[in-house]
Amino acid sequence: MDLPTIALSVRQPWAWAIIHGGKDIENRSAAAVRHGMEPGRICIHASKGMTQDEYDDTRAFMERIGVECPRPDELVRGAIIGAVTVVSVAKEHESPWFFGPRGLVLTDPVAVEPIPAAGQLGYFTWKRGNELDVPKPWMAAWPNHPAGRAPKAKAKPAMPLLEIGGA
């Protein structure tokens, strides 16, 4: 498959949700969408950053809307993981994924074998990198949190990552 040269970096597990979990909106600030975020086909880049609190909060949100989130150590980071079509920018939307103030409306997600790449803010022209980011110690230990921290969401078996197509 020919991939778009333009990508958008999204933190995990939100990036996974765009490609595999039915996330049809990517929320952005009004300022961000004024700076070139236009409709068209783009790659989704899973950024390297993901804190334990971000993961736990996002997993709990996904659970509330019926989406089963993979374990943190199963989420690819630092790579292109798929492509979507941005069809419009919304100020309001009925999707449970919409938080605003603006949302890129997404369709046609297609997963690819992860391609290591560095991310940037906003839309960017991506280049193949050398290696994927490795899981942090807390990710491999999840849900047995260090220092007695309990997860905010009840752990469920993770949905496997889909691998469709190739780069």
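One can find the structure itself at the top, above this paragraph.
Now for a description of the structure that goes with this document.

Parameters at a glance
- Residues numbered from 1 in each chain as written.
- Predicted model: local features only at pLDDT ≥ 70, side-chain atom pairs only at ≥ 80, totals over all residues.
- Heavy atoms only, no water.
- Phe/Tyr/Trp six-rings, centres within 6.5 Å; stacked < 30°, edge-to-face > 60°.
- Helix = DSSP H or I, 4+ residues; strand = E, 2+ residues; numbered from the N terminus.
- Buried < 20%, exposed > 50% of the residue type's maximum accessible area, 1.4 Å probe, protein only.

Applying the stated criterion across every chain yields a total of 7 aromatic pairs. Aromatic side chains Tyr55 and Trp138 sit 6.1 Å apart centroid to centroid with 55° between the ring planes, which places their arrangement in the tilted category. Within this pair, whereas Tyr55 is found in helix H3 (residues 52–64), its partner Trp138 is found in helix H4 (residues 137–141), the two being separated by 83 residues in sequence. Trp138 carries the same exposure label as Tyr55, and that label is buried. Seen in terms of ring centroids, Phe61 and Phe99 are 5.3 Å apart; in terms of plane orientation they differ by 70°. Their pairing is edge-to-face. Here Phe61 is found in helix H3, whereas its partner Phe99 is found in the loop between strand S4 (79–90) and strand S5 (102–116), with 38 residues between them in sequence. A relative accessible area of 11% places Phe61 in the buried class. An aromatic cluster is built from Trp14, Phe61, Trp97 and Phe99, whose rings are joined through pairwise contacts.

Purely geometric stuff here, so don't read any function into it on its own.
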